[in-house]
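Notes for the structure review
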Amino acid sequence: MYIFRETIRAVRMTLVLWLLTAIIYPLAIVVVGQVFFPFSANGSIIQNIDAKPIGSALIGQVFTSDQYFHGRPSAVRYSQGKKANPTGISGASNLAPSNPELTNRILEQGNQFRDENLEPFADLIYTSGSGLDPHISLKAARQQLTRVLRIRGVREDEILPLINKYTDGRFLWIFGEPGVNVLRLNYALDLQEINRKENQ
């Protein structure tokens, strides 16, 4: 009889814990997220003027055209090609500092910046740990400013406010460094160009 009572008690406790942790808590988090933080809870998806998604503000993308600010290099190519992984897998190259492949890649990128008379900032040469970092430093953004101004044919005072606007501050005002969200900035540049053409 004692074993039977204890078994029923254990089953009851398991069911209560399962109800709390597998149903009530996840549902509460979903409701709080959808009510108070719907943009973040749904992946921080950026849409264009046609209401089509162009990417997430939380995940870096590759911009190769000189008219755009370039983000951090990435060992992950989740969003390119026909076999793209839509889940946005993350990860680094896991190449050791002594690996010649890593050294050659860094030297190649450094030489490219040197040929353009640019200082090779770390976040434009080294990949992030996740490979999905959507931000670059303010210095790295300003480093590319001259190139973007020249290609787009605009004035510095037309782009600097956008850089400031799309700079995310420190987490809780003390952790990390401010960073420029590359996708938001580049899309704002495209919108600015569309508006300029419409007003001509």
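Residues numbered from 1 in each chain as written. Predicted model: local features only at pLDDT ≥ 70, side-chain atom pairs only at ≥ 80, totals over all residues. Heavy atoms only, no water.

**Considering the domain arrangement of the protein**
- Per the domain assignment, the segments of the protein are domain 1 (1-42) and domain 2 (45-199).
- One C-alpha centre belongs to domain 1, the other to domain 2; they are set 41 Å apart. (Domains from an automatic or database assignment.)

**Examining the pairing of strand β2 (residues 53-56)**
- As paired strands, strand β1 (residues 45-47) and β2 are joined by three bridges and run antiparallel to one another. Note on β2: the bridge partner recorded for Gln47 is Pro53. (Pairing = 2+ DSSP bridges. Helix = DSSP H or I, 4+ residues; strand = E, 2+ residues; numbered from the N terminus.)

**Concerning the UniProt feature "transmembrane region" (unreviewed entry) in the protein**
- UniProt's feature table lists "transmembrane region" (unreviewed entry) at residues 15-37, given in the numbering used throughout.
- Spanning residues 15-37, this segment combines 96% helix with 0% strand, and its end C-alpha atoms are found 31 Å apart. (UniProt positions renumbered as here; feature names shortened; annotations may be inferred.)

**Side note on the layout of surface pockets**
- Space inside the second largest pocket adds up to approximately 160 Å³.
- If you trace the second largest pocket, you find it lined by Asp168, Gly169, Arg170, Phe171, Leu172, Trp173, Phe175, Gly176 and Glu177.
- Broken down by class, the residue content of the lining of the second largest pocket amounts to four nonpolar, two polar and three charged. (1 Å grid on protein atoms, 1.4 Å probe; cavity = no way out; pocket = protein on both sides within 12 Å on 5 of 7 lines; lining within 4 Å. Points joined across faces, edges and corners; volume = space filled by probe spheres on them. Nonpolar A, V, L, I, M, F, W, Y, C, P; charged D, E, K, R; others polar.)

**Comments concerning the sheet that holds strand β5 (residues 179-181)**
- What the three strands build is an open sheet, ordered β3-β5-β4; its pairing is antiparallel. The open sheet has two free edges, formed respectively by β3 (135-136) and β4 (167-168), since each of these has just one partner strand.
- Of the strand pairs in this sheet, β4 and β5 are connected by two bridges, and their pairing is antiparallel. Its bridge partner being in β5, Thr167 is matched across the sheet by Val180.
- Each of β3 and β5 is contacted by helix α7 (residues 182-199), which is oriented at about 50 degrees to β5, the strand it contacts most. (Contact = heavy atoms within 4.5 Å. Axes fitted to C-alpha atoms, helices over the stretch in contact; angles between N-to-C directions.)

**Section: the packing of helix α5 (residues 138-152) against helix α6 (residues 156-165)**
- As a packed pair, α5 and α6 sit with axes 11 Å apart at the nearest point and diverge in direction by 150 degrees. As the angle between them shows, α5 and α6 are arranged roughly antiparallel. As for how α5 packs across α6, the hand of that crossing is right-handed. Only Glu156, Ile159, Leu160, Ile163 and Asn164 of α6 make contact with α5, whose side of the interface consists of Leu138, Ala141, Arg142, Leu145, Val148 and Leu149.
- Grouping the constituent residues of the contact of α5 with α6 by class yields eight nonpolar, one polar and two charged. (Parallel < 35°, antiparallel > 145°, perpendicular 65-115°, else oblique. Left-handed = near helix turned anticlockwise from the far one by under 90°.)

**What about the environment of Gln112?**
- Following the sequence through the fold, Gln112 ends up in helix α3 (residues 100-115).
- Look at Gln112 and you get partly exposed, because its relative accessible area is 48%.
- C-alpha of Gln112 to C-alpha of Phe4: the two residues are 108 residues apart in sequence and 75 Å apart in space. (Buried < 20%, exposed > 50% of the residue type's maximum accessible area, 1.4 Å probe, protein only.)

**With respect to the side chain of Gln144**
- Take Gln144: it is sitting in helix α5.
- There is a polar contact of 2.6 Å between the side chain of Gln144 and the backbone nitrogen of His70.
- Setting aside residues up to four positions removed in sequence, Gln144 forms contacts with Tyr68, Phe69, His70, Leu124 and Ile136. (Polar contact = N/O pair within 3.5 Å; in protein donor to acceptor, adjacent residues only side chain to side chain.)

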